[in-house]
Amino acid sequence: MIKIEREEDCCGCSACMAACPVDAIKMLADEEGFLYPKVDKDKCVNCGKCDRICRIKNPVVEVSKEQKAYLFQLQDKKMRLDSTSGGAFTAIASAVLRNGGVVFGAAYTDDLRVIHTYVEKEEDLWRFRNSKYVQSDVRNSFREVKAFLQQGRKVCFSGTPCQVEGLHSYLGNVDKEKSLILVDLVCHAVPSPLFWEKYVAWQQERLSSEIGNIRFRDKRHYGYKYPQMVIEDKAGNVIYHNGVESDPYLRAFFSNLSDRPSCYECKFKKRYRVSDMTIWDCFDVGLKAPNMDDDQGTTNILTHTSKGEKFLHEILMSTDRIECIDPDYCVKGMWELVYSVSKNNWRDEFFKDVSSNGMEYLIDKYFPDTSVIKAKRLLRKTLICMGIYGMIKKCIMIIRR
Ligand SMILES: Cc1cc2nc3c(=O)[nH]c(=O)nc-3n(C[C@H](O)[C@H](O)[C@H](O)COP(=O)(O)OP(=O)(O)OC[C@H]3O[C@@H](n4cnc5c(N)ncnc54)[C@H](O)[C@@H]3O)c2cc1C
Ligand code: SF4
Ligand code: SF4
Ligand code: SF4
């Protein structure tokens, strides 16, 4: 029976819950807002399935294999703008849907919680577009994937590397070869749903209109290289936007203050993965393919399987822009692909405050709008107005590599 002794040893993938034959496992939130399995001992029949399925207890050995790498830009300008980077996910998912398949991804509920769900029509794919920097609740998705595969449907599942490995493990011997496409991301880390809820409630109160949508990485104001947290009302009007150095939620995320404990010791960050392909941001497109650098977003795609490679050929036939590059060059300097983020020294105190204080208190203590923050904001905007922000970011990329 699954027992979590250290919080770092559970990524919350929900594979154990899906695998339990007697539904003895529920995923329940702890005081930080992260989901962990809780076993109903009266129901448990001690079959051991949950322990066997867990990929933290039974890690996959990383084996080097042939890979191919691509840079991708969706031709549809609006969909690309709505996507985090180049819109590769939309292209992959659309190809699956056109073949009568089903696509799983992370979407908002009506009250802006983040959950995994599925769509069967291309016009519903907008729900998955743009990264939501909060841990999504997988709910019953793994069992739904299995049921669709058993009906002979094509399925694409997208998620964090731990969710994808969890699903892969749960599916076990189910025939994955013909019908399943697994797409994972380069994953910095996932923040707490409880902190996200507090942030949304705080924004809802201070903005006079009801929130319709939130995009963590909007490119409409200052381009792809200086994305904004954007909040829209129900009519689609922008009622808030703020950059990564200023917005309190993004400040917490990028300073590794609000992450799940397992993200600080991530077992799923590696170059060779169980997924068919990994997608991530191409901020260094100016170095990799200068002729593609239009500041509207480009996705890196790294394929891990011949199935993923074969599948991408459907996209290669499309009018979208895709360029093949050397995989070693593609992953160079991409530290988040392989290394965990470092825990912020204030993290534990921060979460004590999250569970007992309001957002105003958290902002005063952890994210004040100091003169340094104001100066950073002004500098970014000035460099953008002068047209040299991109060039400076490019120099930083060269140093980072
Ligand atoms: C939590 C998180 C951390 C990330 N960290 C990095 C990073 O450090 N470096 C980097 O280069 N890229 C990172 N990415 C990936 C990046 O943000 C883009 O998702 C990627 O560039 C693909 O963009 P796209 O334009 O092709 O697709 P998009 O249209 O942006 O598609 C988004 C895809 O992400 C999935 N998704 C969105 N939110 C979540 C979530 N909360 N949990 C699981 N799946 C989700 C959707 O289902 C969809 O498949 C991260 C993404 C997430 C969700
Ligand atoms: S990592 Fe996943 S399978 Fe393992 S205990 Fe946590 S939720 Fe269950
Ligand atoms: S040991 Fe078997 S029955 Fe008990 S919780 Fe785990 S999977 Fe369920
Ligand atoms: S950092 Fe690792 S453990 Fe955390 S969500 Fe991403 S893949 Fe999962």
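Residues numbered from 1 in each chain as written. Chains lettered and ligands numbered in written order. Predicted model: local features only at pLDDT ≥ 70, side-chain atom pairs only at ≥ 80, totals over all residues. Heavy atoms only, no water.

A.B. asks: Describe the overall build of the protein chain, listing the residues and the values that go with them.
C.D. replies: Helices and strands together make up the secondary structure of the protein chain, namely 16 helices and 13 strands. Here the C-alpha atoms of the protein chain give a radius of gyration of 21 Å, agreeing with the 21 Å that 2.2 N^0.38 yields for 401 residues. Counting only C-alpha atoms and orienting by the principal axes, one finds that the protein chain spans roughly 65 × 55 × 40 Å. The 401 residues of the protein chain split such that 55% are buried. Carbon and sulfur atoms make up 52% of the accessible area of the protein chain, which totals about 18,200 Å². Of the charged side chains in the protein chain, 61 are positive and 56 negative; the average position of the first set lies 2 Å away from that of the second. (Helix = DSSP H or I, 4+ residues; strand = E, 2+ residues; numbered from the N terminus. Rg over C-alpha atoms; globule rule 2.2 N^0.38 Å. Buried < 20%, exposed > 50% of the residue type's maximum accessible area, 1.4 Å probe, protein only. Areas by Shrake-Rupley, 256 points an atom, 1.4 Å probe, with all protein chains shown as cover. Lys, Arg positive; Asp, Glu negative; His and termini not counted. Charge placed at Lys NZ, Arg CZ, Asp CG, Glu CD.)

A.B. asks: Give a detailed account of the site of ligand 4, specifying residues and quantitative values.
C.D. replies: Taken together, the residues surrounding ligand 4 are P161, C162, C187, A189, V190, S262, C263, C266 and K269. When its residues are assigned to classes, the shell around ligand 4 shows seven nonpolar, one polar and one charged. (Near = heavy atom within 4 Å. Nonpolar A, V, L, I, M, F, W, Y, C, P; charged D, E, K, R; others polar.)

A.B. asks: Got a sec to walk through the domain arrangement of the protein chain? Specific residues and values, please.
C.D. replies: Note on interface size: it is often stated as the accessible area lost on association of the parts. For the protein chain, the domain assignment lists domain 1 (7–53) and domain 2 (64–368). A C-alpha centroid distance of 25 Å is found between domain 1 and domain 2. Listed per partner, the contact involves 20 residues of domain 1 and 26 residues of domain 2. Summed over the shared surface of domain 1 and domain 2, the result is two salt bridges. Note that E32 is salt-bridged to R347, the shortest N-O span being 2.7 Å. Breaking the side of domain 1 that touches domain 2 down by element, the ones donating at least two residues are α1 (15–19) and β2 (35–39). Counting residues per element, the side of domain 1 that touches domain 2 draws most heavily on α1, at four residues. Classifying every residue of the side of domain 1 that touches domain 2 gives twelve nonpolar, three polar and five charged. (Domains from an automatic or database assignment. Contact = heavy atoms within 4.5 Å. Salt bridge = Lys/Arg side-chain N within 4 Å of Asp/Glu carboxyl O.)

A.B. asks: Tell me what's going on with the nonpolar core, and back it up with residues and numbers.
C.D. replies: If you look at the biggest cluster of nonpolar residues, it comprises 37 residues, and the most contacted ones within it are F142, V145, F157, L167, Y170 and L171. When residues of this core are assigned to domains, at least three map to each of domain 1 (7–53) and domain 2 (64–368). In this structure F157 touches F104, H116, S141, F142, V145, Q163, V164, L167, I181, L182 and V183, once residues within four positions along its chain are discounted. Core analysis: the next-biggest nonpolar cluster, separate from the first, contains 33 residues, Y108, F216, Y249 and F253 among them. (Core = buried A, V, L, I, M, F, W, Y, C linked by side-chain atoms within 4.5 Å.)

A.B. asks: Report on the packing of aromatic side chains, specifying residues and quantitative values.
C.D. replies: For the coordinates displayed, the defined rule picks out 29 aromatic pairs. Consider the rings of Y199 and Y249, whose centres lie 5.4 Å apart with planes at 50°: the pair is tilted. In this pair, Y199 is assigned in helix α7 (residues 193–206) and Y249 in helix α8 (residues 248–254), connecting sequence segments 50 residues apart. For the residue pair Y199 and Y249, the accessibility class agrees, reading buried in each case. Aromatic side chains Y366 and F367 sit 6.2 Å apart centroid to centroid with 45° between the ring planes, which places their arrangement in the tilted category. On the basis of relative accessibility, which here comes to 13%, the residue Y366 falls in the buried class. With a relative accessible area of 5%, F367 lands in the buried category. (Phe/Tyr/Trp six-rings, centres within 6.5 Å; stacked < 30°, edge-to-face > 60°.)

A.B. asks: So, helix α14 (residues 359–366): which residues are in play, and what are the values?
C.D. replies: Turning to α14, its buried residues number three or more, namely M359, L362, I363 and Y366. Buried positions in α14, seen along its axis, are confined to an arc of 100° and lie on one side of it. In α14, the exposed positions angled more than 90 degrees off the buried face are occupied by E360 and D364. Considering only its buried residues, α14 is in contact with α7, α8 and α13 (347–356). (Arc of directions from axis to C-beta.)

A.B. asks: Please set out the side chain of S275 residue by residue, giving values where relevant.
C.D. replies: By secondary structure assignment, the location of S275 is in the loop between α8 and β11 (277–281). A distance of 3.2 Å separates polar atoms of two side chains, one belonging to S275 and the other to D184. Reaching out from S275, the side chain makes a polar contact with the backbone oxygen of M277 at a distance of 3.4 Å. In contact with S275, other than residues within four places in its own chain, are V164, L182, D184, H304 and T305. (Polar contact = N/O pair within 3.5 Å; in protein donor to acceptor, adjacent residues only side chain to side chain.)

A.B. asks: Run through the packing of helix α4 (residues 88–98) against helix α10 (residues 306–316), naming residues and quoting values.
C.D. replies: Contact geometry of α4 with α10 gives a least axis separation of 10 Å together with a crossing angle of 95°. Taken together, the axes of α4 and α10 are roughly perpendicular relative to one another. Residues A91, I92, A95, V96 and R98 of α4 touch α10, and the partners they reach there are F311, E314 and I315. Of the residues in the contact of α4 with α10, the class split is six nonpolar, no polar and two charged. (Axes fitted to C-alpha atoms, helices over the stretch in contact; angles between N-to-C directions. Parallel < 35°, antiparallel > 145°, perpendicular 65-115°, else oblique.)

A.B. asks: Before we move on, can you summarise unusual backbone geometry with the specific residues and values?
C.D. replies: Of note in the backbone geometry, S14 takes a positive phi value of approximately 80° without being a glycine. Its identity as a non-glycine residue notwithstanding, L112 has a phi of 65°, on the positive side. Inspection of the secondary structure assignment puts L112 in the loop between β4 (102–108) and β5 (114–119). By relative accessible area, which is 6% here, L112 ends up buried.

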